[in-house]
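One-letter residues, chain by chain:
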Amino acid sequence: MIFAKCDVDDCQQVAEKHNISAMPTFLIFQDKKEVKRIRGANIPELSQAVQGLVEQSKKMTGSDAASGSASGPSNSAVWWGAPLAKGYVNITEEIEKTGVDIMNASSEAGPARCLFESSQPGKDPEYVKDWVESDTDEQLMIFIPFRSTLKLHSIHITSLPKSGDDEEEEIKRPKKLKLYVNRPNIVGFEETDGITPTQEVEIAPDSWDKKTGTAVINTRFVKFQSVFSLTIFVDEGEDGCEKTRIDRIRVVGEAGEKRDMGKLEKVKDGHE
């Protein structure tokens, strides 16, 4: 493991090449590819990332863990419920979390941003309930803006609904999804009848990993070029359930140019 420091004033070409838009910015590379980006002096997140690399290096001499950490060079300190597609990287860090919007989410579950946390579901120290759950029915609308234009190869959705309890309302996994790209803001449920989705998806029951509860949705790649926003519409849940639950969302592909970079500005300490 090698640590290096770069002064953006002395190395402006390096800053431009890696789209550095804030100071400090920490980049983690593995096999010559960027696998994680941390903006701001976020000591807890940086420590977690370094510790994750240390743990990963310890495992490299043995077999990959079967507890949910994805194999391959691009998992870094991020929990993955399924392996990344070969040749693509984690671009979840490109999500502009402050712009994420969600409709029909229950206030009794977690906030929308917990969907993109790097921790394993159920083990995030910041949230007691680190998942999103629908409210009045099974439908959810999730608007995800990005900091850069992306090539979106696949979406990993993790859903871990509880089973065997006596709750009056049955909560299950999503089944039918509609994906929309490059919408300027969230789409209303009533608007979906008049908008053609970029892709429609039906997740088969056997698509969910038995250990991690993760399903991988491969996009129609030619339709997911130059993506600056993604809207996920959960139209139906499994078995006609009353509510649906999502624990984590990961996006995989290639990051491109930053949007509205502007001048370098200092980021305050702590989470964005």
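Residues numbered from 1 in each chain as written. Predicted model: local features only at pLDDT ≥ 70, side-chain atom pairs only at ≥ 80, totals over all residues. Heavy atoms only, no water.

Caption draft 1: The arrangement of the overall build of the protein in detail. Broken down by element type, the protein carries two helices and 15 strands. By residue count, 48% of the 272 residues in the protein fall in the buried class. For the protein, contacts bridging at least 24 residues in sequence account for 75% of all contacts bridging at least 6. (Helix = DSSP H or I, 4+ residues; strand = E, 2+ residues; numbered from the N terminus. Buried < 20%, exposed > 50% of the residue type's maximum accessible area, 1.4 Å probe, protein only. Contact = heavy atoms within 4.5 Å.)

Caption draft 2: Structural view of the sheet that holds strand E13 (residues 243-246). Spatially, the three strands line up as an open sheet ordered E6-E13-E8, and their pairing is mixed. The two strands at the open ends of the sheet, each matched to only one other strand, are strand E6 (132-133) and strand E8 (171-172). (Pairing = 2+ DSSP bridges.)

Caption draft 3: Structural context of the packing of aromatic side chains. If you walk through the whole model with that rule in mind, you get two aromatic pairs. Lying over the aromatic face of Trp131, Arg245 brings its terminal NZ or CZ to 3.8 Å of the ring centre. Above the plane of the ring of Trp80 lies Arg250, whose end atom (NZ or CZ) is 5.9 Å from the centre. (Phe/Tyr/Trp six-rings, centres within 6.5 Å; stacked < 30°, edge-to-face > 60°. Lys NZ or Arg CZ within 6 Å of the ring centre and 35° of its normal.)

Caption draft 4: Molecular detail of the pairing of strand E12 (residues 227-237). Burial analysis of E12 places nine of its eleven residues in the buried class, which makes it a mostly covered element. As paired elements, strand E7 (residues 140-158) and E12 share seven bridges and run antiparallel to each other. In the strand pairing of E12, Pro145 is matched with Ser229.

Caption draft 5: Highlighting the confidence of the model for the protein. In this model, the protein carries an average pLDDT of 84, and 83% of its residues clear a pLDDT of 70 or more. The low-confidence segment residues 70-76, where pLDDT is below 50, has 26 contacts with residues more than four positions distant or belonging to other chains. This stretch, residues 261-272, has a pLDDT under 50; its non-local contacts, to residues over four places away or in other chains, come to 26 contacts. (pLDDT = per-residue confidence, 0-100.)

Caption draft 6: The arrangement of the pattern of salt bridges in detail. Tallied over the entire structure, the rule returns nine salt bridges. Put simply, Arg147 and Glu96 hold a salt bridge, and the shortest N to O gap is 3.5 Å. Here the residue Arg147 occupies a position in strand E7, and Glu96 occupies one in the loop between strand E4 (89-90) and strand E5 (101-103), the gap between them amounting to 51 residues. The class for Arg147 is buried, based on a relative accessible area of 13%. Note on Glu96: relative accessible area 25%, which makes it partly exposed. Where Glu170 meets Lys172, a salt bridge forms, and the shortest distance between an N and an O atom there is 3.4 Å. Among the charged side chains, a salt-bridge network with shared partners connects Glu170, Lys172 and Asp239. (Salt bridge = Lys/Arg side-chain N within 4 Å of Asp/Glu carboxyl O.)

Caption draft 7: Structural detail: unusual backbone geometry. The omega angle of the peptide bond from Met23 to Pro24 is -5°, so this bond is cis rather than trans. Looking at the element boundaries, Pro24 is found in the loop between strand E1 (22-23) and strand E2 (25-30).

Caption draft 8: Region of the structure containing the side chain of Gln199. By secondary structure assignment, the location of Gln199 is in strand E10 (residues 199-202). For Gln199, the residues in contact, after removing those within four places along its chain, are Leu177, Lys178, Leu179, Asn218, Thr219, Arg220 and Phe224.

Caption draft 9: How the structure looks around the side chain of Ser154. Inspection of the secondary structure puts Ser154 in strand E7. Within the local environment of Ser154, its side chain forms a polar contact with the side chain of His153, the two groups lying 3.2 Å apart. The residues touching Ser154, leaving out its near neighbours within four places in the chain, are Val216, Ile217, Asn218, Thr219, Arg250, Val251 and Val252. (Polar contact = N/O pair within 3.5 Å; in protein donor to acceptor, adjacent residues only side chain to side chain.)

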